[in-house]
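Letter by letter, the chains look like this.
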Amino acid sequence: MKNRKIGVFDSGVGGLSVAQAIQKALPESEIIYKDDKQHVPYGNRDVEEIHGFVLPILRSLVDEGCEVIVVACNTVTTNLIENLREELNVPLIGMEPMVKPAATASKTGIIAVCATPRTLSSERYRWLKSEYAKEVKVLEPDCSDWPYMIETNQINHEKIANIVNNLCGQGADQIVLGCTHYHWIEELIKQMAAGRATVIQPEQPVIAQLKRVLQQLT
Ligand code: DGL
């Protein structure tokens, strides 16, 4: 496959884990990573405000020659990807909570989605639930302070363990990481949930989609 310039964006360090996985899967590609350290975290902000922050950053990735952009942020994807697709003339690949795979895999009929408040309040997320999770109960724990915690590298194990234990205690057997910041604590959450729940996130499906899109580029 021809070497390509791929843009990856997130509000902060979340998307970096995705960028690393992409680089590993496509070692020949050139990845330009951009974040928004000035305004991270996005998760509690207004959608309009986030739009105003994100658009110029994605435009700068296009100006720098990126032929495709991975929006490695569930908050931006679930609220704004359609608008951004209209505003930019490169393919955008988004990341959103894996509601469908979790609901399909669940044996207890209870799944948990860990995401930012703005993701949980988005129309797209509501649609995902109504389309794919009608038959299951969806737990949505308050993880609103996790992005800040991860961004500043102040991981509070006890706080995370309380939430994970609570979810497993309520019978959740699938825990969806619906925020790329949480990918950094995936192993920790897996250890905490071991034997009780499976932890999933969309990095690999997104890389597969990226490969498909790259193949279609002339
Ligand atoms: N990493 C982002 C996400 O996937 C946003 C976290 C934040 O800025 O609050 O939703």
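Residues numbered from 1 in each chain as written. Predicted model: local features only at pLDDT ≥ 70, side-chain atom pairs only at ≥ 80, totals over all residues. Heavy atoms only, no water.

(A) Structural context of the site of the ligand. Lining the immediate surroundings of the ligand are 14 residues, of which Ser 11, Tyr 42, Asn 74, Thr 75 and His 181 lie closest. Between the ligand and the protein, one listed contact pairs an oxygen atom with a side-chain N or O atom of Ser 11 at 2.7 Å. Within the contact set of the ligand, an oxygen atom lies 2.8 Å away from a backbone nitrogen or oxygen of Asn 74. Computed on the free molecule, the ligand has an accessible area of 300 Å², of which 100% lies beneath the protein chains in the complex. Mapping the ligand onto the cavity grids shows that it belongs to the largest cavity. Residue composition of the shell around the ligand, by class: 6 nonpolar, 7 polar and 1 charged. (Near = heavy atom within 4 Å. Polar contact = N/O pair within 3.5 Å; in protein donor to acceptor, adjacent residues only side chain to side chain. Areas by Shrake-Rupley, 256 points an atom, 1.4 Å probe, with all protein chains shown as cover. 1 Å grid on protein atoms, 1.4 Å probe; cavity = no way out; pocket = protein on both sides within 12 Å on 5 of 7 lines; lining within 4 Å. Sits in = over half its atoms within 2 Å of the grid points. Nonpolar A, V, L, I, M, F, W, Y, C, P; charged D, E, K, R; others polar.)

(B) Structural view of the nonpolar core. In this structure, Trp 146, Ile 160, Ile 175 and Tyr 182 are the most contacted members of the largest nonpolar core, which totals 27 residues. Counting residues per element, the ones that place at least two in this core are strand 5 (110–114), helix 7 (146–151), helix 8 (157–169), strand 7 (174–177) and helix 9 (186–193). Looking at this core, the element that brings in the most residues is helix 8, giving 6 residues. Contact partners of Trp 146, with chain neighbours within four places excluded, come to Cys 114, Ile 160, Ile 163, Tyr 182, Ile 185 and Ile 189. (Core = buried A, V, L, I, M, F, W, Y, C linked by side-chain atoms within 4.5 Å. Buried < 20%, exposed > 50% of the residue type's maximum accessible area, 1.4 Å probe, protein only. Helix = DSSP H or I, 4+ residues; strand = E, 2+ residues; numbered from the N terminus. Contact = heavy atoms within 4.5 Å.)

(C) Examining the sheet that holds strand 3 (residues 68–71) more closely. Strand order in the open sheet formed by 4 strands is 2-1-3-4, and the pairing between neighbours is parallel. Each edge of the open sheet carries a strand with a single partner, namely strand 2 (30–34) and strand 4 (92–94). Neighbour-to-neighbour, the strand axes of the sheet open up by a mean angle of 20°, direction not taken into account. Relative to strand 3, strand 1 (residues 5–9) runs parallel, the two being bridged by 4 bridges. In the strand pairing of strand 3, Ile 6 is matched with Val 68. With respect to the sheet, helix 2 (residues 47–63) is in contact with strand 1, strand 2 and strand 3, its orientation differing from that of strand 1 by roughly 165°. Here helix 3 (residues 74–87) sits on the sheet in contact with strand 1, strand 3 and strand 4, set at roughly 165° to strand 4. (Pairing = 2+ DSSP bridges. Axes fitted to C-alpha atoms, helices over the stretch in contact; angles between N-to-C directions.)

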